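Below, each chain spelled out in residue letters.
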Amino acid sequence: MHEKGMPPIPNTEDIYSVITRFGVEVSHKAELVKEFNHSDYIRDLHPFADARKYVAKLNEDGYKFIVITSLSDDPDAFDNRAHNLRKHYGDAIMELHCLPMGIHKGEFLKRWKDSGLFWIEDHVENAAAGADLGLRSIVIDHPYNTTFTKHDHKLTARVNYATPWSEIYELVKEAEAEEK
């Protein structure tokens, strides 16, 4: 956005929406997001908070990750995301699936129906879809999704919430201990 002469509006660091953060017209939002998602900038995305540390710990404990992103189904976007994930997480990533930009993931998740696998997601609707399919959904709380989360009591009964990855790690380890 900086290269386009669109610096962020002051005090919007925690805002996910390009409309709010950069003052983008609604009609240009999808175009700008698509441009970013197809760019080489994806190669340089930084992991959230403590994600690298706890993904590595889970991997050491035998867990592998299947990444499902609705970033884009463009082959170049796939290559950029794969590069980014390998750089930060190495062999912890078992599979990468890139779906069309913004698509709901419920239909794709059906292949893991009733598997009891963990489903870690930052979009509440996708986490709920996973829970409805028998996955153990964990919503990562971020500033951009907090308005959708803990106030929905029907959803709260179906998913767990975590902010740092240390909490996700603890939820996984607690579930593992309960199964023994």
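Please refer to the structure placed before this passage.
Visitor: Would you explain the packing of aromatic side chains in this entry?
Guide: Describing an aromatic ring pair means giving the distance of the ring centres and the angle of the ring planes. Evaluation of the coordinates by the stated rule reveals four aromatic pairs. Note on Phe65 and Trp165: the rings are 6.2 Å apart at their centroids and 55 degrees apart in plane angle, and the pair reads as tilted. A residue pair is termed long-range when its members are at least 10 positions apart, and Phe65 in strand E1 (residues 65–69) and Trp165 in helix H8 (residues 165–179) qualify at 100 residues. Residue classification places Phe65 among the buried residues on the basis of a relative accessible area of 15%. It is Lys57 that lies over the ring of Tyr169; its NZ or CZ is 4.9 Å from the centre. Here Arg136 stacks its cationic end above the ring of Phe118, 4.2 Å away from the centre of that ring.

Visitor: Can you walk me through the pattern of salt bridges in this structure?
Guide: Opposite charge on two side chains lets them pair, provided their charged atoms get close. Here the structure, examined in full by the defined rule, presents seven salt bridges. One salt bridge in this structure joins Glu121 and Lys105, with 3.0 Å as the shortest N-O distance. Within this pair, whereas Glu121 is found in strand E3 (residues 118–121), its partner Lys105 is found in the loop between strand E2 (93–98) and helix H5 (106–109), the two being separated by 16 residues in sequence. The exposure classification of Glu121 matches that of Lys105, with both residues buried. Each of the salt bridges in this network shares a partner with another, and the network as a whole consists of Asp61, Lys173 and Glu176.

Visitor: Explain the pairing of E2 here, please?
Guide: The side chains of a regular strand alternate, first on one face of the sheet and then on the other. Note that E1 and E2 share five bridges and pair parallel. Paired with Thr69 across the strands is Cys98, a residue of E2.

What counts and what doesn't
Residues numbered from 1 in each chain as written. Predicted model: local features only at pLDDT ≥ 70, side-chain atom pairs only at ≥ 80, totals over all residues. Heavy atoms only, no water. Phe/Tyr/Trp six-rings, centres within 6.5 Å; stacked < 30°, edge-to-face > 60°. Helix = DSSP H or I, 4+ residues; strand = E, 2+ residues; numbered from the N terminus. Buried < 20%, exposed > 50% of the residue type's maximum accessible area, 1.4 Å probe, protein only. Lys NZ or Arg CZ within 6 Å of the ring centre and 35° of its normal. Salt bridge = Lys/Arg side-chain N within 4 Å of Asp/Glu carboxyl O. Pairing = 2+ DSSP bridges.

Worth remembering: the numbers are spatial, not functional.
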